[in-house]
Amino acid sequence: MPELFFETARQCLLINGAPAPDLRYRAAHNETFGVWITAPDGCLPIGITLRTVHGVLQPHPRVRICDYGNGQYRVRANFCKIADFLPPVPYLQSCATIDKVTHYLTCYRQGGYALTIETATETHTLHTPAELSDVRLRCNRVGNCQMIVIRADCGRRKYLAILLYDGDYRPLMDTLCDAIETRDDCLILTDDIDDMTQHRIVRTLRYEAGCYKETDRRVICRRPASCADELLCYQFCESLHCGDLTLCRDLCDRTLQNMDYRAYFGDFVEICECPQYRPHRIGLCYACPNGDLQVRYFDFTIRNGLIHSIARYIEER
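Residues numbered from 1 in each chain as written. Predicted model: local features only at pLDDT ≥ 70, side-chain atom pairs only at ≥ 80, totals over all residues. Heavy atoms only, no water.

**Some details on the sheet that holds strand β10 (residues 89-98)**
Strands sit in the order β10-β11-β12-β13 across an open sheet of four strands; the sheet is antiparallel. Only two strands of the sheet have a single partner each, and these edge strands are β10 and β13 (123-128). On average, adjacent strands in this sheet sit at an angle of 20° to one another, irrespective of strand direction. Pairing of strand β12 (residues 112-118) with β13, which is carried by six bridges, proceeds in the antiparallel orientation. Among the inter-strand pairings, Thr116 is bridged to a residue of β13, identified as Thr125. (Pairing = 2+ DSSP bridges. Helix = DSSP H or I, 4+ residues; strand = E, 2+ residues; numbered from the N terminus. Axes fitted to C-alpha atoms, helices over the stretch in contact; angles between N-to-C directions.)

So, in structure tokens, the structure goes:
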């Protein structure tokens with residue numbers, strides 16, 4: 001029988017009108033059931049119908065499903081924010097002129113946060129993750145186009161947006177990172193990862209043929225790579241996820257030194273815990289075309305403080 005685990009934080013969960021205090025529901029092999037989830041502040045509640053067909057939970061656009069295998073699913077609600085019908089409230093404005101064209105920047109609140117860049121004839125809007133401060137607007141000439149660069153502080157992080165303008169705005173980049181540096185015609189973006197070794201990813205991007213291309217990528221460990229044997233598989237997967245293949249090899253013994261880790265594990269999006277804990281078994285989440293997640297399990301063998309072997313574990317349904 002399919003078993004569903006609902007991620008609803010402090011919200012109330014009802015299944016077929018009855019409370020589910022443990023946030024779980026064991027569905028029949030073929031069943032249609034109603035789900036109602038109260039919403040956090042500023043969002044709309046969810047009232048949907050889910051179905052299981054031959055023991056498989058069917059996708060739904062209002063939830064993101066993570067399939068753990070063996071009939072176990074994690075269900076995460078996709079809450080919609082309540083629209084704010086009040087007019088936008090500007091909180092910061094700036095402008096810059098190049099080639100007799102003035103670009104006006106307005107940051108505003110309206111339900112969420114956004115900014116608008118505009119000329120006398122064209123307008124483009126970008127949604128920002130939070131309120132911006134210390135906004136800097138710069139315009140450069142690049143070939144036959146104008147390049148518009150917007151930099152700002154966003155909480156403890158840095159916001160960067162780059163657009164090309166040739167009568168119309170064309171966005172090139174819209175990102176949030178921990179540090180931004182410009183050097184000649186390159187951008188250097190730094191991201192600090194909160195994992196066991198506190199990885200730092202430093203990417204160098206160069207503008208070529210109308211877009212920014214990554215020309216260099218360095219991964220730095222800010223904390224020594226030492227942990228208990230029980231955590232080696234997690235440290236390995238964290239390192240692989242951020243591209244630190246050197247540390248991956250350091251965590252393995254000579255039997256795995258020549259292994260193509262990326263080809264074997266593929267492009268996973270996150271690391272998850274197994275519903276039933278097994279020593280040295282880890283679950284990796286892979287994105288499905290519809291946006292849901294599929295979990296694959298891997299068993300690690302540890303010898304003398306190093307990873308000796310890795311094997312895919314496939315559960316029987």
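**Observations concerning the state of the cysteines**
Where two cysteines share a covalent bond between their sulfur atoms, that bond is called a disulfide. On inspection of all chains with the given rule, the structure shows zero disulfides. Free of any disulfide, Cys12 has its nearest neighbouring cysteine sulfur in Cys43, separated by 16 Å. Here Cys12 falls in the partly exposed class, since its relative accessible area comes to 37%. Free of any disulfide, Cys80 has its nearest neighbouring cysteine sulfur in Cys43, separated by 8.1 Å. (Disulfide = S-S within 2.5 Å. Buried < 20%, exposed > 50% of the residue type's maximum accessible area, 1.4 Å probe, protein only.)

**Thoughts on unusual backbone geometry**
One can expect most non-glycine residues to show negative phi and most peptide bonds to be in trans. At Asn70, a residue that is not glycine, the phi angle is positive and equals roughly 55°. Assignment of secondary structure puts Asn70 in the loop between β8 (63-69) and β9 (72-77).

**Description of the nonpolar core**
Residues Phe236, Tyr261, Phe265, Phe298, Phe300, Ile307 and Ile310 are the most contacted members of the largest nonpolar core, which totals 22 residues. Sorting the residues of this core by element identifies α1 (232-241), α2 (245-250), α3 (261-265), β23 (281-287), β24 (293-303) and β25 (306-313) as the ones contributing at least two each. When neighbours within four sequence positions are excluded, Phe298 is seen to be in contact with Tyr264, Phe265, His280, Arg281, Ile282, Leu284, Tyr286, Ile310, Ala311, Arg312 and Tyr313. (Core = buried A, V, L, I, M, F, W, Y, C linked by side-chain atoms within 4.5 Å. Contact = heavy atoms within 4.5 Å.)

**A short note on the packing of aromatic side chains**
Per the stated rule, a full pass over the model turns up 11 aromatic pairs. Aromatic pair Tyr165 and Tyr169: ring centres 4.8 Å apart, planes at 45°, arrangement tilted. Their ring planes at 85° and their centres at 5.2 Å tell us that Tyr264 and Phe265 sit as a pair that is edge-to-face. Judged by relative accessible area, which is 0%, Phe265 ranks as buried. Following the ring pairs from residue to residue traces out a cluster consisting of Phe236, Tyr261, Tyr264, Phe265, Phe298 and Phe300. Lying across the ring of Tyr313, Arg281 places its NZ or CZ 3.6 Å from the centre. Above the plane of the ring of Tyr286 lies Arg296, whose end atom (NZ or CZ) is 3.8 Å from the centre. (Phe/Tyr/Trp six-rings, centres within 6.5 Å; stacked < 30°, edge-to-face > 60°. Lys NZ or Arg CZ within 6 Å of the ring centre and 35° of its normal.)

**A look at the environment of Thr123**
Locating Thr123 in the fold gives a position in strand β13. Sequence separation of Thr123 and Ala152 is 29 residues, and the distance between their C-alpha atoms is 20 Å. Once residues within four sequence positions are removed from consideration, Thr123 is found in contact with Thr116, Ile117, Glu118 and Tyr169.

**Topic: α1**
With respect to burial, α1 is a largely interior element, seven of its 10 residues being buried. Among the residues of α1, those classed as buried are Leu232, Cys233, Gln235, Phe236, Cys237, Ser239 and Leu240.

**Examining the sheet that holds strand β6 (residues 46-53)**
Spatially, β3-β2-β5-β6-β7 is the arrangement adopted by the five strands of the open sheet, whose pairing is antiparallel. Looking at the sheet topology across the chains shown, the edges are occupied by β3 (18-19) and β7 (56-57). The pairing of β6 with β7 spans two bridges and is antiparallel. Bridging from a neighbouring strand, Thr52 pairs with Leu57 of β7.

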